Amino acid sequence: MITHEVKIRVRYKDTDKMGVVYHSNYIVYYEEARTELFRALGIPYAELEAQGIMTPILEVESKYIAPAYYDEVVTVRATIAEEPMARMNITYEVMDEAGKVINTGRTMLGFVNAQTRRPCRAPEAMLKVIREKL
């Protein structure tokens, strides 16, 4: 498994009237963790795009276990557990300051050729890095 963690301070704009993180913001937190995971692997999104590869989200799941609150620092762990092909699954765990899991999620990304807008396989450079670390 390949994992990477990011810490995110809950901003006021991320919360609802009850002072808890609004549900859709967890998807944004997943994106931040995924972006930093790719960067840590040496495959930043900008490089994928420069190679003509887009990675749209095909599916997203999120399970809300307990709330996160304004000004709390949450840790988001992104995990790749299998080698991607034309699709890639990434799972997420969001933990509160005490380390308790308060949210879990999953995204499925597709790989798409930017010119043709047709599905394609994961880039070989990405596969090489992932294979080395899995």
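You'll find the structure just up there.
Not measured: the values here are computed from a predicted model.

### So, the nonpolar core
Line of reasoning, step 1. Judged by nonpolar contacts, the single largest core of 34 residues is most densely connected at Phe38, Val74, Val76, Ile80 and Met126.
Line of reasoning, step 2. Elements with a minimum of two residues in this core: strand S1 (2–9), helix H1 (25–40), helix H2 (45–50), strand S4 (73–80), strand S5 (87–95), strand S6 (101–110) and helix H3 (124–133).
Line of reasoning, step 3. Counting residues per element, this core draws most heavily on H1, which supplies 6 residues.
Line of reasoning, step 4. In this structure, Val74 is in contact with Val6, Lys7, Ile8, Val10, Tyr29, Ala68, Val94, Met95 and Ile102, ignoring residues within four places of it in sequence.

### Here's the deal with the packing of aromatic side chains
Line of reasoning, step 1. In total, this model carries 5 aromatic pairs according to the counting rule given.
Line of reasoning, step 2. Measuring from centroid to centroid gives 5.6 Å for Tyr12 and Tyr70, while their planes differ by 90 degrees, and the two rings are edge-to-face. In this pair, Tyr12 is assigned in the loop between S1 and H1 and Tyr70 in the loop between strand S3 (57–64) and S4, connecting sequence segments 58 residues apart.
Line of reasoning, step 3. Relative to Tyr92, the ring of Tyr30 lies with its centre 4.4 Å away and its plane at 5 degrees, an arrangement referred to as stacked. With Tyr30 in helix H1 and Tyr92 in strand S5, the pair connects residues that are 62 residues apart, well separated along the chain.
Line of reasoning, step 4. Owing to a relative accessible area of 1%, Tyr92 belongs among the buried residues under this scheme.
Line of reasoning, step 5. Following the ring pairs from residue to residue traces out a cluster consisting of Tyr26, Tyr29 and Tyr64.

Scoring rules and cut-offs
- Residues numbered from 1 in each chain as written.
- Predicted model: local features only at pLDDT ≥ 70, side-chain atom pairs only at ≥ 80, totals over all residues.
- Heavy atoms only, no water.
- Core = buried A, V, L, I, M, F, W, Y, C linked by side-chain atoms within 4.5 Å.
- Buried < 20%, exposed > 50% of the residue type's maximum accessible area, 1.4 Å probe, protein only.
- Helix = DSSP H or I, 4+ residues; strand = E, 2+ residues; numbered from the N terminus.
- Contact = heavy atoms within 4.5 Å.
- Phe/Tyr/Trp six-rings, centres within 6.5 Å; stacked < 30°, edge-to-face > 60°.

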